[in-house]
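Letter by letter, the chains look like this.
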Amino acid sequence: MTHATVLVGTTKGAFLLSGTPEGDGWSVAGPFCDGWPINHMGGDPQTGRIWAVGGNDWYGAGVWRSGDGTDWTLAKLADGQMDDWVRNDPDTAKLLGVTAQPPAPFTGRLDALWSVRHTPQALYAGSKPARLFRSTDGGETWAEMTGLTDHPSSDSWQPGAVGLTLHSIVTVPDAPEKIWVAISAAGVFASEDGGNTWERRNRRSNAPATPSSHPASGDGIETGHCVHNLQHAPGDGDLLYQQNHHGVFRSRDGGRSWDEITDGLPSTFGFPIGVHPRDPGTIWTLPLNGDTEGRYPPEASAAVWRSRDGGESWHACRDGLPQTSCFFTVLRQAMATDHAEPAGVYFGTNTGSVFASADEGDSWQEIARHLPTVLCVEVLERA
């Protein structure tokens, strides 16, 4: 039997949910990480170690790590305003029990961390502004992957609404040399040599583009550069899916070309996309009514939309979700799946709820409520 822990990052720390999607009760542990805003979390199913990344102008940027989900240690990558305050007012810092620390290694270059990805070979973290970091000692020390930072296009990258963020890191178990990242708003980048060199991959396929005057929608040649979430499908191929600021896209060739698969959805706008752990053609997304219309489910009626054929057709999954007066937002990292049979699907909302489905989206239950704003949901599974 597999034990699953749902990792929930919020604006006020990290939480761990324990239970099963088909069960009647879930326990909530937390908040952890000293109340830091936690943008993303990840875990190692072999050891049970957990990482939580986040920060802001006050805290700085850092990676929290835990071996047991109870005790947490911080590796600081960049200082925040709090660190200046502690150094400049030692009497007050002493009164509050805070000790000044040496400057973090990337101070002045980072505002926060936005994504984390564990592989057997290394741990990766993405930041705001958009940079990629690598750790080979479990997250204690970090090195910048300058091949991405120094990409020839980097001086033209434009920020999204929350800044220039590297929010998605994608790897595949059988090809550790392959890495994909998504940056808002610079698009998708791929490396096939372990991160030494990078190729920008935003070109549309030769299929006609959906006409749009929206500035984030791209054109007939490229997708919009404001990718919201990027996922890799299971299997040996290079099948990728992305939820963009203006549409859902599929690539069968590792991002070298993208087909739009938005047709059949009620909106082109949304944040997360989920992929089945075994079936590369089954995906989930949660459309919102638009970027300037409130960013809540169309007609204030919540639905997770599922495709069983790689986005060629879509079905709304509503059972158990609020169908009236629903105004929540589900953010880019706030959807995840597990490896159960059938697969479990989870998502969190900016109103502090976490929903789970034990039947691949056919029905849903609310497994946590009244949490702070949910920024990410991931699942750690251990035998």
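Before any of the text, the structure's been laid out above.
The numbering scheme is per chain: residues are counted from 1 as the chain's sequence reads. Given that this is a predicted model, residues contribute local features only at a pLDDT of at least 70 and side-chain atom pairs are listed and counted only at 80 or more, while totals for whole chains, interfaces and linings are drawn from all residues. Hydrogens and water are ignored here; the side-chain numbers use all heavy atoms of the structure.

Undergrad: Please clarify how the overall build of the chain should be interpreted in this entry.
TA: Put simply, DSSP marks the helices as runs of H or I at least four residues long and the strands as runs of E at least two long, and each gets a number from the N terminus on. From N to C terminus, the chain includes three helices and 28 strands. The C-alpha radius of gyration of the chain comes to 20 Å, within 12% of the 21 Å expected for a compact globule of 383 residues. Residue burial in the chain is summarised as follows: out of 383 residues, 56% are buried. Charged side chains in the chain number 27 positive and 46 negative. The centres of these two groups are separated by 2 Å. All radius of gyration figures rest on C-alpha atoms, and the globule criterion is 2.2 Å times the number of residues raised to 0.38. Under the scheme applied here, a residue whose accessible area is under 20% of the maximum for its type counts as buried, over 50% as exposed, and between as partly exposed, the area being computed with a 1.4 Å probe on protein chains only. A positive count includes Lys and Arg, and a negative count includes Asp and Glu. His and the chain ends are not counted in either. The atom standing in for a charge is NZ when the residue is Lys, CZ when it is Arg, CG when it is Asp and CD when it is Glu.

Undergrad: How do you make sense of the pairing of strand E1 (residues 3–10) when you look at a structure like this?
TA: The side chains of a regular strand alternate between the sheet's two faces. Along E1, seven of the eight residues are buried, which leaves the element largely enclosed by surrounding structure. Bridge analysis of E1 against strand E28 (residues 374–382) gives eight bridges, and the strand direction is antiparallel. Across the sheet, the residue bridging to Ala4 is Glu381, located in E28. When DSSP finds two or more bridges between a pair of strands, those strands are recorded as paired. Bridge count for E1 against strand E2 (residues 13–18) is six bridges, and the pairing is antiparallel. Residue pairing across strands places Thr5 opposite Ser18, the latter belonging to E2. Taking the residues between adjacent antiparallel strands as the criterion, E1 and E2 are bridged by two residues.

Undergrad: How do you make sense of the packing of aromatic side chains when you look at a structure like this?
TA: The rule is short: rings of Phe, Tyr and Trp, with Trp giving its six-membered ring, pair when the centres are within 6.5 Å, and they are stacked under 30 degrees, edge-to-face over 60, tilted in between. This model, assessed by the stated rule, comprises 12 aromatic pairs. Pairwise contacts between aromatic rings join Phe328, Phe347, Phe355 and Trp364 into one cluster.

Undergrad: Even after reading the chapter, I still don't get the state of the cysteines, so can you show me in this structure?
TA: Cysteine sulfur atoms are paired as a disulfide whenever they fall within 2.5 Å. In this structure the tally under the stated criterion is zero disulfides. Unpaired in this structure, Cys226 has its nearest cysteine sulfur neighbour in Cys376, at a distance of 19 Å. Lacking any disulfide linkage, Cys376 is separated from the closest cysteine sulfur, that of Cys33, by 10 Å.

Undergrad: Where do I start with the sheet that holds strand E26 (residues 354–357) in this structure?
TA: Note on sheets: strands pair through backbone hydrogen bonds, and any given pair is parallel or antiparallel. The four strands lie next to each other as E24-E25-E26-E27, forming an open sheet whose pairing is antiparallel. The sheet is open, and its two borders are formed by strand E24 (335–337) and strand E27 (365–368), each paired with just one other strand. Recorded for the sheet is a direction-independent mean angle of 25° between the axes of neighbouring strands. In this sheet, E26 lies alongside strand E25 (residues 345–348) in antiparallel orientation, the contact comprising four bridges. Looking at the pairing, Gly348 lines up with Val354 of E26. Between N-to-C directions, angles cover 0 to 180 degrees, with each direction set by a line fitted to C-alpha atoms, over the stretch in contact for helices.

Undergrad: Any chance you could explain the sheet that holds strand E23 (residues 315–317) here in plain terms?
TA: The four strands lie next to each other as E20-E21-E22-E23, forming an open sheet whose pairing is antiparallel. Looking along the sheet, the strands with just one partner apiece sit at the ends: strand E20 (269–275) and E23. Strand-to-strand twist of the sheet, defined as the mean angle between neighbouring strand axes without regard to direction, takes the value 30°.

Undergrad: Even after reading the chapter, I still don't get the layout of surface pockets, so can you show me in this structure?
TA: In this approach, a probe sized like a water molecule rolls over the atoms, and the result shows the empty space that is left. Buried and open spaces are told apart on a 1 Å grid over the protein atoms alone, a cavity being a set of points where a 1.4 Å probe fits but cannot get out and a pocket being an open set with protein on both sides within 12 Å along at least five of seven lines. Residues with an atom within 4 Å of a point are the lining residues. Grid points are joined across faces, edges and corners, and a volume is the space filled by probe spheres set on the points. Of the volumes computed, that of the largest pocket is approximately 1,300 Å³. Taken together, 45 residues line the largest pocket, and the ones lying closest to its centre are Arg117, His118, Thr171, His339 and Glu378. Only strand E4 (38–43), strand E8 (112–118), strand E12 (165–171), strand E16 (227–232), E20, E24 and E28 provide two or more residues apiece to the lining of the largest pocket. Broken down by element, the lining of the largest pocket gets its largest block of residues, five residues, from E12. Amino acids outside the nonpolar list (Ala, Val, Leu, Ile, Met, Phe, Trp, Tyr, Cys, Pro) and the charged list (Asp, Glu, Lys, Arg) are all regarded as polar, and Gly is one of them. Taken together, the residues that form the lining of the largest pocket break down as 21 nonpolar, 20 polar and four charged.

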